[in-house]
Amino acid sequence: MRNLLAIERFCLYGHIVAMAFGLAGLLWVVPHPGILEYLPAGPTLFRWSMAGGGVSYILLGTVAVALYAYRTLGLGSLITFAIAAVGVSLTSELLGTSTGFPFGHYSYLNGLGYKVAGLVPFTIPLSWFYLGLASFLLARSGLAAGGGAGRYNWARSLAAIFLGSVLLTSWDFVLDPAMSQTALPFWYWHEPGAFFGMPYQNFAGWLGTGVVFIGLALGLWKTFKFSPELDQGQLTLPLVVYLSNFGFALVMSLAAGFYVPIALGILTGALPAVLCWRATAQEDLSQVFVEPTPVIEAPIAATKSS
């Protein structure tokens, strides 16, 4: 298990570093290619980054979250969530790129790896998986904090499915406008929409896809009696994964001058994610500092001396 933890941390750090390099390439090098002449092996590194950088950061994030899920949730929870997330999201993406439902009419360009059926890069369903799991775990644990017995009843389960999907969609609020209009885009809209180039239908598609695969995953967890409960420390990795990916999108939107999507994303994504993590931390403290129950000793009967 120690070796798996070391690999998990290596992949998590590599995931974050790869995103930082991606930001530098997209925002610094692409607009000013002459700077490569002043960097050691600059042209070679840039070619490698453009050819495999997007694939690398998604694969590293996927492995980090998968190892984390195996370690904290168990193999059954990992497999069922991965099947639901990858299966549903790939279906939605294939429909979207071929029919325009549920996201609108769009197409993927190069840079994110081999395309399934020539339409959807294989890395896209993986990003749905690792961001979806991080979002759902934060939402589920945050809403259940302080619930006591029956904390995962049907009402909280439905709320967790919805909130997890909102966290996932909020990431796209910030990511999609900038990534589809950067100097080196990875996808494009056939008919630019009213929301900073995106159709509003895109958000409905994201929310609906998230609700379907998170709901399906939770249903499988309940069917097979997977009920992992996570404490504040165990939720740190999902929070780091969510905020680091949100930060990547935020910097891209800042560079593009898209401030409204950033504000919406913070209000509906980053802030609720942190509050969910904090709620679980407060519950942990309440478990530690429990007032001791007073012990009432029975009176000792007096003995009559003779």
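Residues numbered from 1 in each chain as written. Predicted model: local features only at pLDDT ≥ 70, side-chain atom pairs only at ≥ 80, totals over all residues. Heavy atoms only, no water.

## Things to note about the environment of Tyr242
To keep things clear, this is the line we draw: Working definition: helices are DSSP H or I runs of at least four residues, strands are E runs of at least two. Numbering for both runs from the N terminus. Here a residue-residue contact requires only that any non-hydrogen atoms of the pair lie within 4.5 Å.
In this fold, Tyr242 is placed in helix α7 (residues 236-256). Along the chain, Tyr242 and Leu133 lie 109 residues apart, while their C-alpha atoms are 9.7 Å from each other. For Tyr242, the residues in contact, after removing those within four places along its chain, are Leu131, Ser135, Leu138, Leu167, Ser170, Trp171, Gly269, Ala270 and Ala273.

## What about a nonpolar patch on the surface?
Counted only if it meets this: Here the term patch refers to residues with relative accessible area over 30% and no salt bridge, with like charges joined within 9 Å and nonpolar side chains (Val, Leu, Ile, Met, Phe, Trp, Tyr) within 5 Å. Method for areas: the Shrake-Rupley scheme with a 1.4 Å probe, in which residue coverage is limited to the protein chains shown. Each salt bridge in this description consists of a side-chain nitrogen of Lys or Arg and a carboxyl oxygen of Asp or Glu lying within 4 Å of one another. Each residue gets one of three labels from its accessible area relative to the maximum for its type: buried under 20%, exposed over 50%, partly exposed in between, using a 1.4 Å probe on protein chains only.
On the surface, Met1, Tyr70, Leu75, Ile79 and Ile83 cluster together to form a nonpolar patch covering roughly 510 Å² of accessible area. The leading source of residues in the nonpolar patch is helix α3 (residues 75-99), at 3 residues. Positionally, Met1 belongs in the segment before α1 (2-29). We classify Met1 as exposed; its relative accessible area is 59%.

## Notes on helix α6 (residues 201-223)
One full turn of an α-helix is made of 3.6 residues, so residues set three or four places apart face in the same direction. The criterion, for reference: What a helix should span is 1.5 Å times the count of its residues minus one.
The end-to-end C-alpha distance of α6, which contains 23 residues, comes to 33 Å, matching closely the 33 Å that a straight helix rising 1.5 Å per residue would cover. Considered for burial, the residues of α6 that qualify are Asn202, Phe203, Gly205, Trp206, Thr209, Gly210, Phe213, Ile214, Ala217, Leu218 and Trp221. Buried residues belonging to α6 abut α3, α4 (123-144), α5 (154-179) and β4 (187-189). Trailing α6 by a residue or two, Lys225 shows a phi angle of about 60°, which is positive.

## With respect to the layout of surface pockets
One way to see where empty space is left: roll a probe the size of a water molecule over the atoms. Threshold: Points on a 1 Å grid over protein atoms alone make up a cavity when a 1.4 Å probe fits among them but cannot get out, and a pocket when they form an open set with protein on both sides within 12 Å along at least five of seven lines; lining residues each have an atom within 4 Å of a point. Grid points are joined across faces, edges and corners, and a volume is the space filled by probe spheres set on the points.
Reported here for the second largest pocket is a volume of approximately 220 Å³. Surrounding the second largest pocket, 13 residues form its lining, Glu8, Arg9, Leu12, Arg71 and Leu237 being those nearest its centre. Residue assignment for the lining of the second largest pocket shows that the elements contributing at least two residues are α1, α2 (42-72) and α7. Looking at the lining of the second largest pocket, the element that brings in the most residues is α1, giving 5 residues.

## Here's the deal with the side chain of Thr280
Along the polypeptide, Thr280 turns up in helix α8 (residues 259-288). Beyond its immediate stretch of four places on either side in the chain, Thr280 contacts Ser141, Gly142, Ala145, Leu230, Asp231, Gln232 and Leu235.

## Comments concerning the packing of α5 against α6
How we decide: Axes here mean lines fitted to C-alpha atoms, for a helix over just the part in contact, with angles spanning 0 to 180 degrees between N-to-C directions. Left-handed describes a crossing whose near helix is turned anticlockwise from the far helix by less than a right angle; the clockwise case is right-handed. Under the grouping applied here, Gly and all other residues not named as nonpolar or charged are polar, the nonpolar ones being Ala, Val, Leu, Ile, Met, Phe, Trp, Tyr, Cys and Pro and the charged ones Asp, Glu, Lys and Arg.
Where α5 contacts α6, the two axes come as close as 8 Å, and the packing angle between them is 145°. Viewed along their axes, α5 and α6 form a crossing whose handedness is right-handed. Between α5, through Ser157, Ile161, Phe162, Gly164, Ser165, Val166, Leu168, Thr169, Trp171, Asp172, Phe173 and Asp176, and α6, the contact on the second element is made entirely by Asn202, Phe203, Trp206, Leu207, Gly210, Val211, Phe213, Ile214, Gly215, Leu218 and Lys222. Looking at the contact of α5 with α6 residue by residue, the class counts come to 13 nonpolar, 7 polar and 3 charged.

## Some points on the UniProt feature "transmembrane region" (unreviewed entry) in the protein chain
The following threshold applies: UniProt positions are given in the numbering used here, feature names are shortened, and annotations may be inferred rather than shown by experiment.
UniProt feature "transmembrane region" (unreviewed entry): in the numbering of this structure it lies at residues 12-30, 50-70, 77-96, 116-138, 158-175, 203-221 and 233-252. Spanning residues 77-96, this segment combines 100% helix with 0% strand, and its end C-alpha atoms are found 28 Å apart. Taken end to end, residues 203-221 is 100% helix and 0% strand, and its two terminal C-alpha atoms sit 27 Å from one another.

## Here's the deal with the packing of aromatic side chains
Two measures describe an aromatic ring pair: the distance that separates the ring centres and the angle between the ring planes. Spelled out, the test is: Note on ring pairs: Phe, Tyr and Trp rings are taken, using the six-membered ring of Trp, and paired if centres are within 6.5 Å. Classes follow the plane angle, with under 30 degrees stacked, over 60 edge-to-face and the rest tilted.
What the rule picks out here adds up to 22 aromatic pairs. Residues Tyr108 and Trp187 carry aromatic rings whose centres are separated by 6.0 Å and whose planes lie at 70° to one another, so their mutual orientation is edge-to-face. Here Tyr108 is found in strand β1 (residues 106-108), whereas its partner Trp187 is found in strand β4, with 79 residues between them in sequence. When sorted by exposure, Tyr108 lands in the same class as Trp187, which is buried.

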